[in-house]
Amino acid sequence: MNKTPRKTDNNSTGKSQDPPDGKTLAVSVLRNTCIWFTVLSLCILLVTLLSSTIDDTSSSAYLRVSRFLLLLPFAFCAALAGEVRRSALPAVARGILHPLISLSGFILFVYLPVNLEQAHTPAKTLLWILAVLVVYLVGFFIYLGVRRTRNRKKAADTPYQSQFRPRQ
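Analysis parameters
- Residues numbered from 1 in each chain as written.
- Predicted model: local features only at pLDDT ≥ 70, side-chain atom pairs only at ≥ 80, totals over all residues.
- Heavy atoms only, no water.
- Helix = DSSP H or I, 4+ residues; strand = E, 2+ residues; numbered from the N terminus.
- Contact = heavy atoms within 4.5 Å.
- Expected span 1.5 Å × (residues − 1).
- Bend = angle between axes of the 7 residues up to and from the residue.
- Buried < 20%, exposed > 50% of the residue type's maximum accessible area, 1.4 Å probe, protein only.
- Salt bridge = Lys/Arg side-chain N within 4 Å of Asp/Glu carboxyl O.
- pLDDT = per-residue confidence, 0-100.
- Phe/Tyr/Trp six-rings, centres within 6.5 Å; stacked < 30°, edge-to-face > 60°.

(A) Seen up close, the overall build of the protein. Helices and strands together make up the secondary structure of the protein, namely five helices and zero strands. When the helices and strands of the protein are read in sequence order from the N terminus, they spell out α-α-α-α-α. A separation of at least 24 residues holds for 60% of the contacts in the protein among residues at least 6 apart in sequence.

(B) Region of interest: helix 4 (residues 91-118). For helix 4, spanning 28 residues, the distance from its first C-alpha to its last is 39 Å, which sits close to the expected 40 Å at 1.5 Å a residue. Largest kink in helix 4: about 40 degrees, centred on Tyr111, with the proline Pro113 one to four residues after it. Within the span of helix 4, buried status applies to Arg94, His98, Pro99, Ile101, Ser102, Leu103, Gly105, Tyr111, Pro113 and Asn115. Its buried side turned inward, helix 4 meets helix 3 (71-86) and helix 5 (122-157).

(C) Representation of the pattern of salt bridges. Counted according to the given criterion, the structure contains two salt bridges. For Arg86, the salt bridge identified is with Glu83, shortest N-O distance 3.0 Å. Of the two residues, Arg86 and Glu83 are both situated in helix 3; the distance of three residues between them amounts to about one turn of the helix. What makes Glu83 buried here is its relative accessible area of 14%. The partner of Asp157 in a salt bridge is Lys153, with the nearest N and O atoms 3.6 Å apart. On the criterion of helical spacing, the pair formed by Asp157 and Lys153 is a turn pair, its members being four residues apart in helix 5.

(D) Highlighting the environment of Val114. Structurally, Val114 can be placed in helix 4. Residue classification places Val114 among the partly exposed positions, given a relative accessible area of 23%. C-alpha of Val114 to C-alpha of Arg67: the two residues are 47 residues apart in sequence and 8.0 Å apart in space.

(E) Geometry of the side chain of Thr33. Secondary-structure assignment places Thr33 in helix 1 (residues 22-51). Classification of Thr33 by relative accessible area gives buried; the value is 5%.

(F) Up close: the confidence of the model for the protein. Per-residue confidence for the protein gives a mean pLDDT of 80; residues scoring 70 or more make up 80%. Helix 3 holds the highest mean pLDDT among the elements of the protein, 92, whereas helix 2 (residues 65-69) holds the lowest, 80. Every residue in residues 1-16 is under pLDDT 50, and counting partners more than four places away or in other chains gives 14 contacts.

(G) Molecular detail of the side chain of Thr125. Looking at where Thr125 falls in the secondary structure, it is placed in helix 5. When near neighbours in sequence (up to four residues on either side) are disregarded, Thr125 contacts Tyr111, Asn115 and His120.

(H) Just the packing of aromatic side chains, in detail. The tally for this structure, following the rule as stated, stands at four aromatic pairs. Here Phe37 and Phe68 contribute two aromatic rings whose centre-to-centre distance is 6.2 Å and whose plane-to-plane angle is 70 degrees, an arrangement assigned as edge-to-face. Here Phe37, found in helix 1, pairs with Phe68, found in helix 2; they are 31 residues apart in sequence, far enough to count as distant. A relative accessible area of 22% places Phe37 in the partly exposed class. Judged by relative accessible area, which is 23%, Phe68 ranks as partly exposed. Note on Tyr111 and Trp128: the rings are 6.3 Å apart at their centroids and 35 degrees apart in plane angle, and the pair reads as tilted. A residue pair is termed long-range when its members are at least 10 positions apart, and Tyr111 in helix 4 and Trp128 in helix 5 qualify at 17 residues.

In structure tokens:
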């Protein structure tokens, strides 16, 4: 497979200098949507399979077609949030847009449909939204820790090069 390398500047983040064109962005978002949808579907199917017994038919309530199909727009939101995270936008914009897209996708396409069927109280809804936010923040801080460790190791492995010319 012959792929052309991305043009990158010499900073540590490796962000692309020129923004991707619309076709490349659309293909990337659609590919990542398919990946997210496949992984989420397999996880739900495996959890349902493992949580039900052979004679139990109550697990079919988790596999309602309407709920299952709502994973697709959630997968699209997750893929779009990933593209925002990898984009060349300023760090503040990426830091605001990524959680906004991913959490709103989860709330709109995963939590609220279940909430409407089970008629939770507003207090319980707020607690669930806060719990999802806490899980997101824990995952985000783990990501930051791994990235910081990787960048430190990369910096330690890079030989020192003087930024100044020696005086003559």
